[in-house]
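# Inside the fold
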Amino acid sequence: MKSDAFYDPRDGERYVHKWGYADTRFEFDGPRAVRVTGDRYKISGFRMPYLIPFVEEIIKLPISQDDLIEEWVSYDLPDQVSNEPFVADVRAALKAEQIASDAENRLAHSHGQLSVDEIFRVLTGGSFTRLIDVVVFPESEDDVRAIVKAGVDHDVCLIPFGGGTNVSGALAVPEDEARMICSVDMRRMNRILWVDKENNLACIESGIQGKELELRLEEQGLTSGHDPDSIEFSTLGGWISTNA
Ligand SMILES: Cc1cc2nc3c(=O)[nH]c(=O)nc-3n(C[C@H](O)[C@H](O)[C@H](O)COP(=O)(O)OP(=O)(O)OC[C@H]3O[C@@H](n4cnc5c(N)ncnc54)[C@H](O)[C@@H]3O)c2cc1C
């Protein structure tokens, strides 16, 4: 791990909808102090008696343990729009486990991390009028070609998905979209294809997550030079498309 990196190189279970690793969260430690759980970050395990007073001063609202809202996600989702010829073509090109249409995947791929809207709604049982209908997980360029061809042939909307970390509503599904909507989760395309050290160039698949990219480049004494706060989960493709 780089001495100045703020992230822990270990992988771990990620929250399905909200930001972060499931081992790390703020917990009350007495009525006026908090502690960060786990051992992933430099602040993990420390009691912080000054955080609540500081935040209260900034937001001008009192913070009390009694006001905690219980998180609950409603998986009572709107019906799927289905385009059978598209689904048949995609099934012919991909393995069964590269296609998902369960409620958790549909909802998780329909939002980013826009906390005041998307995350608040998801974590308080909010309702959604339109969501992703199916999620596909390409593993190669040929898979992507087949998915795009099927989408074009059968008039299905394709939305690429990276780490789902954007804070701009970039993954929000248009509410009045009548066509089937397919999320293309790029994270299985995470290979570094080649590195040209002489010219500082590299060819890397777009689904690689930032932390993984840095750890693998570091093995060769290199860095991408890009260091967003979301590096643990955001992807190369997401960085490029959002101009991060
Ligand atoms: C805690 C936190 C910290 C953050 N810190 C920073 C920061 O320091 N700097 C910064 O700039 N941003 C930051 N962000 C915002 C966010 O991380 C960036 O916008 C990031 O680039 C999004 O990448 P992603 O892979 O998560 O993309 P997603 O959220 O999955 O997608 C974003 C958009 O890119 C498109 N897309 C994704 N992958 C591809 C692909 N392979 N091909 C084509 N289109 C694609 C999607 O369709 C969508 O429109 C932060 C967000 C959070 C939650």
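Note that the structure is predicted; figures quoted are calculated from it, not measured.

Roughly 1,400 Å³ of volume is contained in the largest pocket. If you trace the largest pocket, you find 31 residues lining it, with K18, R25, F26, L68 and E71 closest to the centre. Among the secondary structure elements, those contributing two or more residues to the lining of the largest pocket are β1 (26-28), β2 (34-36), α1 (51-59) and α4 (115-123). At four residues, α1 tops the list of elements feeding residues into the lining of the largest pocket. Its residues assigned to classes, the lining of the largest pocket shows 21 nonpolar, four polar and six charged. Taken together, domain 1 (26-67) and domain 2 (84-188) each give at least three residues to the lining of the largest pocket, which thus spans both. Put simply, the second largest pocket is a space of about 720 Å³. Contributing to the lining of the second largest pocket are 37 residues, with G163, T165, N166, G238 and T242 lying nearest its centre. Those elements giving two or more residues to the lining of the second largest pocket turn out to be α4, α5 (141-154), β6 (157-161) and α7 (236-242). Top contributing element to the lining of the second largest pocket by residue count: α7, with five residues. Split into classes, the residues belonging to the lining of the second largest pocket amount to 18 nonpolar, 16 polar and three charged. Formed jointly, the lining of the second largest pocket draws a minimum of three residues from each of two domains, domain 2 (84-188) and domain 3 (192-242).

Of note, N200 is a non-glycine position whose phi angle comes to about 55°, a positive value. Topologically, N200 is positioned in the loop between β8 (192-196) and β9 (201-204). A relative accessible area of 66% means that N200 is categorised as exposed. The phi dihedral of N243 falls on the positive side, at around 55°, and the residue is not glycine.

This brings us to the packing of helix α2 (residues 84-93) against α5. Packed helices, taken two at a time, are described by their axes: the angle between them and the distance between them. At their nearest, the axes of α2 and α5 sit 9 Å apart, and the two run at 165° to each other. It follows that α2 is roughly antiparallel to α5 by the angle criterion. Considering how the two elements wind past one another, α2 and α5 form a crossing that is right-handed. Counted together, P85, F86, D89, V90 and A93 of α2 and D143, A146, I147, A150, G151 and H154 of α5 form the full contact between these two elements. Here the contact of α2 with α5 is composed, by residue class, of seven nonpolar, two polar and two charged.

Moving on: the sheet that holds β6. Here four strands make up an open sheet; going across it, the order is β4-β5-β7-β6 and the pairing mixed. In the strand order of this sheet, the two ends are held by β4 (99-100) and β6, each with one partner. Note that strand β5 (residues 134-136) and strand β7 (residues 181-185) share three bridges and pair parallel. Residue pairing for β7: V135 is matched across the bridge by S183.

What follows concerns the nonpolar core. The nonpolar side chains of a soluble globular protein tend to be buried with one another. Grouped together as the largest cluster of nonpolar side chains are 14 residues, with contacts concentrated most on F86, V90, V136, M180, C182 and V184. The element that contributes the greatest number of residues to this core is α2, accounting for three residues. Formed by 10 residues, the second largest nonpolar core is a distinct cluster that contains A100, F161, L171 and V173.

Here the chain is described as being made up of domain 1 (26-67), domain 2 (84-188) and domain 3 (192-242). Each of domain 1 and domain 2 was reduced to a C-alpha centroid, and the two centroids are 36 Å apart.

The next thing to look at is the site of the ligand. Close to the ligand lie 25 residues; P160, T165, S230, T235 and S241 are nearest. One nitrogen or oxygen atom from the main chain of G163 is found 2.9 Å from an oxygen atom belonging to the ligand. A distance of 3.5 Å is found between an oxygen atom of the ligand and a backbone nitrogen or oxygen belonging to W239. Judged by its atoms lying within 2 Å of the grid points, the ligand is housed in the second largest pocket. Considering each element in turn, the shell around the ligand owes the most residues, five residues, to α7. Counting residues domain by domain, the shell around the ligand receives three or more from each of domain 2 (84-188) and domain 3 (192-242).

Thresholds, definitions, all that
- Residues numbered from 1 in each chain as written.
- Predicted model: local features only at pLDDT ≥ 70, side-chain atom pairs only at ≥ 80, totals over all residues.
- Heavy atoms only, no water.
- 1 Å grid on protein atoms, 1.4 Å probe; cavity = no way out; pocket = protein on both sides within 12 Å on 5 of 7 lines; lining within 4 Å.
- Points joined across faces, edges and corners; volume = space filled by probe spheres on them.
- Helix = DSSP H or I, 4+ residues; strand = E, 2+ residues; numbered from the N terminus.
- Nonpolar A, V, L, I, M, F, W, Y, C, P; charged D, E, K, R; others polar.
- Domains from an automatic or database assignment.
- Buried < 20%, exposed > 50% of the residue type's maximum accessible area, 1.4 Å probe, protein only.
- Axes fitted to C-alpha atoms, helices over the stretch in contact; angles between N-to-C directions.
- Parallel < 35°, antiparallel > 145°, perpendicular 65-115°, else oblique.
- Left-handed = near helix turned anticlockwise from the far one by under 90°.
- Contact = heavy atoms within 4.5 Å.
- Pairing = 2+ DSSP bridges.
- Core = buried A, V, L, I, M, F, W, Y, C linked by side-chain atoms within 4.5 Å.
- Near = heavy atom within 4 Å.
- Polar contact = N/O pair within 3.5 Å; in protein donor to acceptor, adjacent residues only side chain to side chain.
- Sits in = over half its atoms within 2 Å of the grid points.

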